[in-house]
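Survey of secondary and tertiary structure
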Amino acid sequence: MSARSTHAASTQQTALIVEPNSSGIGLVDAAQRLGLRPHVFDRKPVAELPAQVRAAVHAGSADYTRVEIRDLPTALRASRELAARTDLVAVVPGYEYAVDTCAHLAQDLGLPGLAPDVVGALRDKKRMKEVLAAAGVLVARNRLVGTDADPVAVLADVGVPAVLKPVDGSGSQYVRRVDDAAELADYFAEVAANPIEDYGKLLGPSLLAESYVQGPEYSVEGYVENTGAGPRVHVLAVTEKQLGPEPTFVEVGHAVDAPVSPAERERLVDTAQRAVRALGITVGCFHLEARLTPAGPCVMEVGARLGGDRIPWLVQAVWGADMWELAVRSFAGLPQPARPAREVPQGAAGVRFFSVEEQSRFDDPDGLLARLLQVEGCIEAEVTAAAGAVLRPAVDLHSRFGHIALAAPSRAALEQRIAEVDRYVRESVRTPVATTASPSSSPSSSPSSSYAPTPSFTAVPTYAYAAAGTGTGAPVTITACAV
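In this report, the structure presented in the accompanying data block is examined.

Criteria and thresholds
- Residues numbered from 1 in each chain as written.
- Predicted model: local features only at pLDDT ≥ 70, side-chain atom pairs only at ≥ 80, totals over all residues.
- Heavy atoms only, no water.
- Helix = DSSP H or I, 4+ residues; strand = E, 2+ residues; numbered from the N terminus.
- Salt bridge = Lys/Arg side-chain N within 4 Å of Asp/Glu carboxyl O.
- Buried < 20%, exposed > 50% of the residue type's maximum accessible area, 1.4 Å probe, protein only.
- Core = buried A, V, L, I, M, F, W, Y, C linked by side-chain atoms within 4.5 Å.
- Phe/Tyr/Trp six-rings, centres within 6.5 Å; stacked < 30°, edge-to-face > 60°.
- Lys NZ or Arg CZ within 6 Å of the ring centre and 35° of its normal.
- Pairing = 2+ DSSP bridges.
- Axes fitted to C-alpha atoms, helices over the stretch in contact; angles between N-to-C directions.
- Contact = heavy atoms within 4.5 Å.
- Polar contact = N/O pair within 3.5 Å; in protein donor to acceptor, adjacent residues only side chain to side chain.

**Considerations on unusual backbone geometry**
Trans peptide bonds make up the majority, and among non-glycine residues the majority have a negative phi. Going from V160 to P161, the amide bond is cis rather than trans, its omega being -5°. Structurally, the position occupied by P161 is in the loop between helix 7 (151–158) and strand 7 (162–166). Of note, the amide linkage connecting E246 to P247 takes the cis form, showing an omega dihedral of 25°. Turning to its location among the elements, P247 is positioned in the loop between strand 13 (230–243) and strand 14 (251–256). Positioned with a positive phi, S22 is a non-glycine residue whose angle comes to about 50°.

**Description of the pattern of salt bridges**
A full pass over the atoms with the stated rule returns 31 salt bridges. Of the charged contacts, one joins E19 and R70 as a salt bridge, the two residues approaching to 2.6 Å between their closest N and O atoms. Of this pair, E19 sits in the loop between strand 2 (13–18) and helix 1 (26–33) while R70 sits in the loop between strand 4 (63–67) and helix 3 (72–85), placing them 51 residues apart in sequence. Relative accessible area serves as the criterion here: at 0%, E19 is assigned to the buried category. Classification of R70 by relative accessible area gives partly exposed; the value is 26%. Two residues, R274 and D270, come together in a salt bridge whose shortest N-O distance is 3.1 Å. Taken together, the residues R274 and D270, both in helix 9 (residues 262–278) and 4 residues apart, mark about one turn of the helix.

**Things to note about the nonpolar core**
Ranked by size, the top nonpolar core spans 79 residues in total, and within it L114, L132, I281, V302 and V315 carry the most contacts. F401, I404, A413 and V421 belong to the second-largest nonpolar core, a separate cluster that totals 26 residues.

**Some details on the packing of aromatic side chains**
Counted according to the given criterion, the structure contains 6 aromatic pairs. Consider the rings of Y187 and F188, whose centres lie 6.2 Å apart with planes at 50°: the pair is tilted. Relative to F401, the ring of F362 lies with its centre 5.2 Å away and its plane at 65°, an arrangement referred to as edge-to-face. Taken as a pair, F362 in strand 18 (residues 360–362) and F401 in the loop between strand 20 (390–391) and strand 21 (402–408) lie far apart in primary sequence, 39 residues in all. The pair F362 / F401 is uniform in exposure class, with both members buried. Put simply, the rings of Y174, Y187 and F188 pair up and form one aromatic cluster. Above the ring of Y212, the side-chain terminus of R177 is found at 4.6 Å from the ring centroid. Positioned over the ring face of W313 is R310, at 5.1 Å from the centre of the ring.

**Re the sheet that holds strand 11 (residues 207–211)**
Taking strand neighbours across the sheet as the criterion, the 4 strands line up as 6-11-7-8 in an open arrangement whose pairing is antiparallel. Lying at the two open borders of the sheet, with one neighbouring strand each, are strand 6 (142–145) and strand 8 (176–178). The average undirected angle you get between the axes of adjacent strands in this sheet is 25°. Relative to strand 8, strand 7 runs antiparallel, the two being bridged by 3 bridges. Looking at the pairing, A162 lines up with V178 of strand 8. Across the sheet, helix 7 touches strand 6, strand 7, strand 8 and strand 11, and the angle it forms with strand 6 is around 155°.

**A look at the side chain of N142**
Mapping N142 onto the fold places it in strand 6. N142 gets classed as buried once you look at its relative accessible area, which sits at 18%. A polar atom in the side chain of N142 sits 2.7 Å from the side chain of K126. A polar contact is formed between the side chain of N142 and the backbone oxygen of A140, at a distance of 2.9 Å.

Have a look at this one:
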């Protein structure tokens, strides 16, 4: 069922933002900057929306309807009701799980959007790999399995080591390297016993097993422009992906622009353009992840949405491109700017997510946040664990306990600032703490976890964007709020 929570009468055209989460939180403000009235559909109550989205709803600058968006008939009914009372011009996915829903809503309303018959391959990693392989894009050898599969047979198919992941998951949840049949059997048992419910979606019943790909990992950020000659794929940035220790693949950081050679960048850009076309991404932004191998870039996966983990903030700091506006423009059928990005990168930007090497106790979140805000070039800082929380090594996006996004005048300066952040984080925890659960147990999947994800303290400096890329511009205002 849907329950309307807030709605203000408006003569503005409306942009529907479905489930703004992670980097999608910036879509609400982007719609406002373009003169559109943002209306949020989300399955969560207002109190559980991301802070920036909740603030817009409370301020009356965005409308909101609580909708069970995992149920397509319910979402369709709610979007038709919205279109009947507003001039609805765009349906924009705010998160990975909203991509397929938005495709169906847009088609039903006659608005720009992805074709519903292509979104299956965008949400199902097995189908995605099949489409990419058929188009000549390099992917790992893979097989669809369930938790009852024979570990020996699976590894005989894909090789050792292997990587397992939910076929429709996100955020590194239950992504695991295994080196033999015994480890794979343990993984199957863990997933079967502890399925993850993530934003109303159950992860784990269907898994993708694939061969392990050796090589540094990058992501390619871009958007698709609708032209008279058809969709045109634009690449804005190549991001260096920084991963925690295996056997998990939790992302602990990203840096823009990636330190790759011109030839490597050209290969990554070409792979991204071919993959986007093969998958039928004709509107909006995209985020492609690949590892560089001697045979060329091997695609891990492609998202038909903004890259998560604050990557659009990094792209904006270095390249000047506003990916949120580019996305809203695309879905609203608005013309794109002639020069959406700088010709050359300006400085460097990165994000560091917080984890621990061993089980630890968190002492002072307020003190850590205060120190983070003093780091030169701070764009945004967040601490998501309470004082006294027991922290365990992160295994997915939900088990990290905060982050900081930074801009700097050079890559060397960025690395120095991140090293400073790492020191502050180490000094804010106490070790050792007696182990009460396996470090491989994610807070999102283990009810016995003592990790405390609330309260969260977020500080969002409002920067003069022209100065952000240099890392020298001082914040105009800093607003700290409990989330």
